[in-house]
Amino acid sequence: MDKVFRVMVVDDHAIVREGLKSLIDLEDDFRVVAEAESGMDCLRILEYQSVDIVLMDMKMPGIDGIEVTRLIKETWPRIKVILLTNYDEEEYVMEAIQGGADGYVLKDVNKGDLPKILRTVLDDQAFIDPGVTRKVFHRIKKISSGEPRPAGRPALSQRELQILTHVVEGLSNKSIADALFISTDTVKSHLKNIYQKLEVHNRSQAAKVAIQEQLVRLSR
């Protein structure tokens, strides 16, 4: 019997997961064995569910797909990861490659091409959507001079670290407020300070820095 590859679909929208599952399960050599609605869910499931390839959304609550990819590759390097996204900006593509992604695919991909892309990646070949290839080459050319990294940033307070931990876990402002017995306005104020200190602009970027610099501990 030919090998059947086990697939996990990770997306915070149930309708997207269901659509991808229906498409993939039409193929004889693939079977979706797991679904996750967030990066943290994905990591928890991988603790007990064996998969060959992960089809990952990039923008999700808490940890974004690029950072989840990095964590997967650190712990389960044999697992292939394809990022499926609407974002074609060159910086996202470069971050995905640096994070260890095996494929970067735009969501407007021809649905009939997706199984072929899965097989390409499982054959130890990388795949970058033709729609972003030119931007990647442009970015590589710009990197030659190098970019200076920012100097040390202000330390986070204990409360800010608590809130940042909940952000990484994907909690909403209201859920964070309820967990810490503070108002949502207070949460927003702390988040503003966290963004300034980490030199980021949104929750996803803050979560990424938190994990990269080990500011918080992941509870899997």
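Let me begin by describing the structure that accompanies this report. Predicted, not measured: the structure shown is a model, and the values here were computed from it.

This next bit is on the environment of Arg-153. Locating Arg-153 in the fold gives a position in the loop between α6 (130-143) and α7 (158-168). Among the residues examined, Arg-153 registers a relative accessible area of 24% and is labelled partly exposed. Each C-alpha atom of the pair Arg-153 and Gln-196 lies 9.3 Å from the other, and the pair is 43 residues apart in sequence.

Our focus in this paragraph is the side chain of Ser-38. Note that Ser-38 resides in the loop between β2 (30-36) and α2 (39-46). Residue Ser-38 is classed as buried on the basis of its relative accessible area, which comes to 14%. Here Asp-41 takes part through its backbone nitrogen, which lies 3.1 Å from a polar atom of the side chain of Ser-38.

Let us look at the pattern of salt bridges. Applying the stated rule across the entire model yields 16 salt bridges. Lys-21 is paired through a salt bridge with Asp-25; the nearest N and O atoms lie 2.9 Å apart. Residue class for Lys-21 comes out partly exposed when judged on its relative accessible area of 24%. Assessed through its relative accessible area of 32%, Asp-25 is described here as partly exposed.

What counts and what doesn't
- Residues numbered from 1 in each chain as written.
- Predicted model: local features only at pLDDT ≥ 70, side-chain atom pairs only at ≥ 80, totals over all residues.
- Heavy atoms only, no water.
- Helix = DSSP H or I, 4+ residues; strand = E, 2+ residues; numbered from the N terminus.
- Buried < 20%, exposed > 50% of the residue type's maximum accessible area, 1.4 Å probe, protein only.
- Polar contact = N/O pair within 3.5 Å; in protein donor to acceptor, adjacent residues only side chain to side chain.
- Salt bridge = Lys/Arg side-chain N within 4 Å of Asp/Glu carboxyl O.

Just geometry here; none of it tells us what the structure is for.
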